[in-house]
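# Coordinate inspection notes
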Amino acid sequence: MNDEFGNKLKVLREEKGWSQDKLAKELNVSRQAVYKWETNKGYPDIKNLIIISDIFSVTIDELIKSDEELQNKISIDEDELYGDNDPGFYIGLLLVVLGIFLFDDSLSTTFMILGLMSIVFFNDFMKSLVSFFK
């Protein structure tokens, strides 16, 4: 069996005696999507990978282990949300500066604490917010 995902999918589909159309209906995708996957011009999302592994009684590992391009497509990069630009740093810095120069007493302290917390925890807060709404 060839190492690319599409070739593995085609062999598994043909071994089961299914057409591309039948597999597409099982996955609730178009036949063209299955064609693209089998010709390595596209890849299924993780939900469809799970369904494919169930249909053909193989592990996801068996489907994608040798296909490095597919692994890169579905890998989750934790720093992907903002890359090198961390808006939490700039928001926090702005709050600290506002706290120092514009306000007195407790309001100044509040702004500085919020600013420091934004600098430290902004990315964690945004990741948990994104995962909450997925």
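Summary of the structure given here. (Residues numbered from 1 in each chain as written. Predicted model: local features only at pLDDT ≥ 70, side-chain atom pairs only at ≥ 80, totals over all residues. Heavy atoms only, no water.)

Let us look at helix α2 (residues 20–27). Listed in full, the buried residues belonging to α2 are Gln20, Leu23, Ala24 and Leu27. Each buried residue of α2 sits inside an arc of 100° when the element is viewed along its axis, so together they form one side. On its buried face, α2 is in contact with α1 (5–16), α3 (31–38) and α4 (46–55). Two residues or fewer after α2 comes Asn28, characterised by a positive phi angle close to 60°. (Buried < 20%, exposed > 50% of the residue type's maximum accessible area, 1.4 Å probe, protein only. Helix = DSSP H or I, 4+ residues; strand = E, 2+ residues; numbered from the N terminus. Arc of directions from axis to C-beta. Contact = heavy atoms within 4.5 Å.)

Before going further, it helps to spend a moment on the environment of Leu98. Relative to the elements of secondary structure, Leu98 occurs in helix α7 (residues 87–101). Expressed as a C-alpha distance, the spacing of Leu98 and Gly115, which sit 17 residues apart in the sequence, is 9.2 Å. With residues up to four places along the chain from it excluded, the contact list for Leu98 reads Phe103 and Phe111.

Looking now at the packing of α7 against helix α8 (residues 105–132). At their nearest, the axes of α7 and α8 sit 7 Å apart, and the two run at 170° to each other. Relative to α8, the element α7 is oriented roughly antiparallel. Between α7 and α8 the crossing geometry is left-handed. Between α7 and α8, the contacting residues are Pro87, Gly88, Phe89, Ile91, Gly92, Leu93, Leu95, Val96, Leu98, Gly99 and Ile100 on the first element and Ser108, Phe111, Met112, Leu114, Gly115, Leu116, Ser118, Ile119 and Phe122 on the second. Grouping the constituent residues of the contact of α7 with α8 by class yields 14 nonpolar, six polar and no charged. (Axes fitted to C-alpha atoms, helices over the stretch in contact; angles between N-to-C directions. Parallel < 35°, antiparallel > 145°, perpendicular 65-115°, else oblique. Left-handed = near helix turned anticlockwise from the far one by under 90°. Nonpolar A, V, L, I, M, F, W, Y, C, P; charged D, E, K, R; others polar.)

Let us look at the pattern of salt bridges. Per the counting criterion, the structure on display carries three salt bridges. With a closest N to O distance of 2.5 Å, Arg13 and Glu38 form a salt bridge. On the criterion of sequence distance, the pair formed by Arg13 in helix α1 and Glu38 in helix α3 is long-range, its members being 25 residues apart. With a relative accessible area of 7%, Arg13 lands in the buried category. A relative accessible area of 5% means that Glu38 is categorised as buried. Residue Asp21 pairs with Lys25 through a salt bridge whose shortest N-O separation is 3.4 Å. Of the two residues, Asp21 and Lys25 both sit in helix α2, four residues apart, roughly one turn of that helix. (Salt bridge = Lys/Arg side-chain N within 4 Å of Asp/Glu carboxyl O.)

Among the nonpolar cores identified, the biggest contains 18 residues, and Phe5, Leu9, Leu23, Trp37, Ile52, Phe56 and Leu63 are the most heavily contacted of them. Every element with two or more residues in this core is listed here: α1, α2, α3, α4 and α5 (60–64). The residues contacting Leu23, other than those within four sequence positions of it, are Leu9, Arg13, Trp18, Val34, Ile55 and Phe56. (Core = buried A, V, L, I, M, F, W, Y, C linked by side-chain atoms within 4.5 Å.)

Function-wise, these values are silent; they only describe arrangement.
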